[in-house]
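If you want the building blocks of each chain, they are given just below.
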Amino acid sequence: MKVLEKAPAKINLSLDVLGKRADGYHEVRMVMTSIDLADRVECGDLAADQIKIHASVPYVPEDERNFAYQAAHYIKAKYGIRCGVEIAITKNIPVAAGLAGGSTDAAATIRALNRLWKLDMSYQEMLAVAEQIGSDVAFCLKGGTALATGRGEQLEALPPLPPCWVVLVKPTVSVSTAQIYKDLDRRPIEHPDVDAMLHAIDAGDFESICRLLGNCLEPVTMRKVADITKIKSHMKEIGAEGILMSGSGPTVFALTQHESRMQRLINGMRGYCSQVYAVRLCKPFPLV
């Protein structure tokens, strides 16, 4: 038997870091939303009691470093599963891009194994697994739009954003999330107005959502990746309503409600980078 799950990427509309915690993680306050740029995760039975990962691109680890592997390993141990699983990951989300590609693959693996192994885990039980794997896995489990606090595992569902296009541009370089956070600790933090963003989302005010986009990691990553500044400037010239770097970067996204402007952004940005995407927002998975 095989089970297929969609694994959508996320973008950060607001990302604030409140400080470093005693456990080594950072205390964050983030507003995230799912987008329809997605990997495909297929889990199938394996007679041998082992976990096998197959990724469609060569630079994704296929061992215990992979979050999907870690999710499967944790579930096997927790629920006493004595059979194996083969996990095939078809990558469409750029790697090390600030879009939670590894985290969403792990979340999809949790949902898939719940069905494959007939575990009947509740949403809360799946969340307990997700929290063991990585900070963004909990959000990716259900998706939609949410406020994430703590180290990212405490979630509060928010109303959906007004319909819009999301245009993403991924520079050729990749960055280390761990290194970006280390660099952040060495400099003053520019805090975005998360509360104002929450009010704008609650009101369905697209103009204010675009105006309030903010990410305290952006200035840090910009120092390492000069292309981010160039991409943002060009997107602004084309007329994007809102522009921000997602997560620790280096992917930059633009929001627009106009299809003609989306087309201009796509055409204009392909001269800068080869990885350019135009997608819609995603609804949350119906988990209870």
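Going by what an unreviewed UniProt entry lists, the chain is known as 4-diphosphocytidyl-2-C-methyl-D-erythritol kinase and is assigned to Sporolactobacillus terrae. Quoted verbatim from the Sequence similarities (unreviewed entry) field of UniProt, the annotation for the chain is "Belongs to the GHMP kinase family. IspE subfamily." As its UniProt record puts it under Catalytic activity (unreviewed entry), the chain is described as follows: "4-CDP-2-C-methyl-D-erythritol + ATP = 4-CDP-2-C-methyl-D-erythritol 2-phosphate + ADP + H(+)".

Asks: Tell me about the UniProt feature "domain: GHMP kinase C-terminal" (unreviewed entry) in the chain, residues and numbers included.
Replies: Residues annotated in UniProt with the feature "domain: GHMP kinase C-terminal" (unreviewed entry) correspond here to residues 197-273. Helix and strand shares over residues 197-273 are 57% and 14% respectively, and the end C-alpha atoms of the span are 29 Å apart.

Asks: Residues and numbers for the pattern of salt bridges, please.
Replies: Tallied over the entire structure, the rule returns 15 salt bridges. Across the salt bridge formed by Lys2 and Glu42, the nearest N and O atoms sit 3.9 Å from each other. In this pair, Lys2 sits in strand 1 (residues 2-20) while Glu42 sits in strand 2 (residues 26-46), placing the two residues 40 residues apart along the sequence. Lys91 is paired through a salt bridge with Asp105; the nearest N and O atoms lie 3.2 Å apart. One end of the pair, Lys91, is in the loop between strand 4 (84-90) and helix 2 (101-116); the other, Asp105, is in helix 2, with 14 residues separating them in the sequence. For Lys91, a relative accessible area of 12% puts it in the buried group. Its relative accessible area of 4% is what places Asp105 among the buried residues.

Asks: Can you lay out the packing of helix 2 against helix 3 (residues 123-130) for me, pointing to particular residues and giving the numbers?
Replies: Between two packed helices, what matters for the description is the angle formed by their axes and the separation of those axes. Direction vectors running N to C along helix 2 and helix 3 enclose 130°, while the axes themselves pass 10 Å from each other. Judged by the angle between their axes, helix 2 and helix 3 are oblique. Crossing geometry of helix 2 relative to helix 3 is assigned as right-handed. Contacts between helix 2 and helix 3 involve Ile110, Arg111 and Asn114 from the first element and Met126, Val129 and Ala130 from the second. Taken together, the residues that form the contact of helix 2 with helix 3 break down as four nonpolar, one polar and one charged.

Asks: Outline the packing of helix 9 (residues 227-238) against helix 10 (residues 259-269), listing residues and values.
Replies: As a packed pair, helix 9 and helix 10 sit with axes 10 Å apart at the nearest point and diverge in direction by 140°. Crossing angle aside, the handedness with which helix 9 passes helix 10 is right-handed. Residues Ile231, His234, Met235 and Ile238 of helix 9 lie in contact with helix 10, whose contacting residues are Arg261, Arg264, Leu265, Gly268 and Met269. Residue classes in the contact of helix 9 with helix 10 are distributed as five nonpolar, two polar and two charged.

Asks: Can you tell me about the environment of Ile110, naming the residues and giving the values?
Replies: Among the structural elements, Ile110 can be located in helix 2. Overall, the relative accessible area of 0% leaves Ile110 in the buried class. Taking C-alpha positions, Ile110 is 36 Å from Gln263, a pair spaced 153 residues apart along the chain. Those residues in contact with Ile110 that lie beyond four places of it in its chain are Ala71, Ile75, Met121, Met126, Val129, Ala130, Val137 and Leu141.

Asks: Report on the packing of aromatic side chains, specifying residues and quantitative values.
Replies: Counted under the stated rule, the structure contains zero aromatic pairs. One cation-aromatic arrangement involves Arg111 over Phe285; the distance from NZ or CZ to the ring centre is 3.7 Å.

Asks: Mind laying out the UniProt feature "binding site: ATP" (unreviewed entry) in the chain, listing which residues take part and the relevant values?
Replies: UniProt tags Pro94, Val95, Ala96, Ala97, Gly98, Leu99, Ala100, Gly101, Gly102, Ser103 and Thr104 as "binding site: ATP" (unreviewed entry). Among the secondary structure elements, Ala97 is positioned in the loop between strand 4 and helix 2. Beyond its immediate chain neighbours, meaning those up to four positions away, Ala97 contacts Lys170, Ser246, Gly249, Pro250 and Thr251. With respect to the helices, strands and loops of the structure, Leu99 is situated in the loop between strand 4 and helix 2.

Asks: Give a description of the environment of Leu212 that names residues and reports values.
Replies: Turning to its location among the elements, Leu212 is positioned in helix 7 (residues 206-212). Residues contacting Leu212, with those up to four places away along its chain left out, are Leu13, Ala196, Met197 and Ala200.

Asks: Can you lay out the nonpolar core for me, pointing to particular residues and giving the numbers?
Replies: Judged by nonpolar contacts, the single largest core of 72 residues is most densely connected at Val85, Ile87, Ile110, Leu141, Leu217 and Met235. With seven residues, the single largest contributor to this core is helix 2. Each of domain 1 (2-157) and domain 2 (165-280) contributes no fewer than three residues to this core. The next biggest cluster of nonpolar side chains, apart from the first, holds 29 residues, and it includes Leu37, Ala97, Leu147 and Leu168.

Asks: Please give an account of the sheet that holds strand 7 (residues 165-170) that cites residues and values.
Replies: Strand order in the open sheet formed by four strands is 9-10-7-11, with antiparallel pairing between adjacent strands. In this open sheet, the two strands that pair with only one neighbour each are strand 9 (242-245) and strand 11 (275-279). Going across the sheet, the axis of each strand differs from the next one's by a mean of 15°, ignoring polarity. As paired strands, strand 7 and strand 10 (residues 252-256) are joined by five bridges and run antiparallel to one another. Each residue of the ladder has a partner; that of Val169, found in strand 10, is Val252.

Cut-offs and rules
Residues numbered from 1 in each chain as written. Predicted model: local features only at pLDDT ≥ 70, side-chain atom pairs only at ≥ 80, totals over all residues. Heavy atoms only, no water. UniProt positions renumbered as here; feature names shortened; annotations may be inferred. Helix = DSSP H or I, 4+ residues; strand = E, 2+ residues; numbered from the N terminus. Salt bridge = Lys/Arg side-chain N within 4 Å of Asp/Glu carboxyl O. Buried < 20%, exposed > 50% of the residue type's maximum accessible area, 1.4 Å probe, protein only. Axes fitted to C-alpha atoms, helices over the stretch in contact; angles between N-to-C directions. Parallel < 35°, antiparallel > 145°, perpendicular 65-115°, else oblique. Left-handed = near helix turned anticlockwise from the far one by under 90°. Contact = heavy atoms within 4.5 Å. Nonpolar A, V, L, I, M, F, W, Y, C, P; charged D, E, K, R; others polar. Phe/Tyr/Trp six-rings, centres within 6.5 Å; stacked < 30°, edge-to-face > 60°. Lys NZ or Arg CZ within 6 Å of the ring centre and 35° of its normal. Core = buried A, V, L, I, M, F, W, Y, C linked by side-chain atoms within 4.5 Å. Domains from an automatic or database assignment. Pairing = 2+ DSSP bridges.

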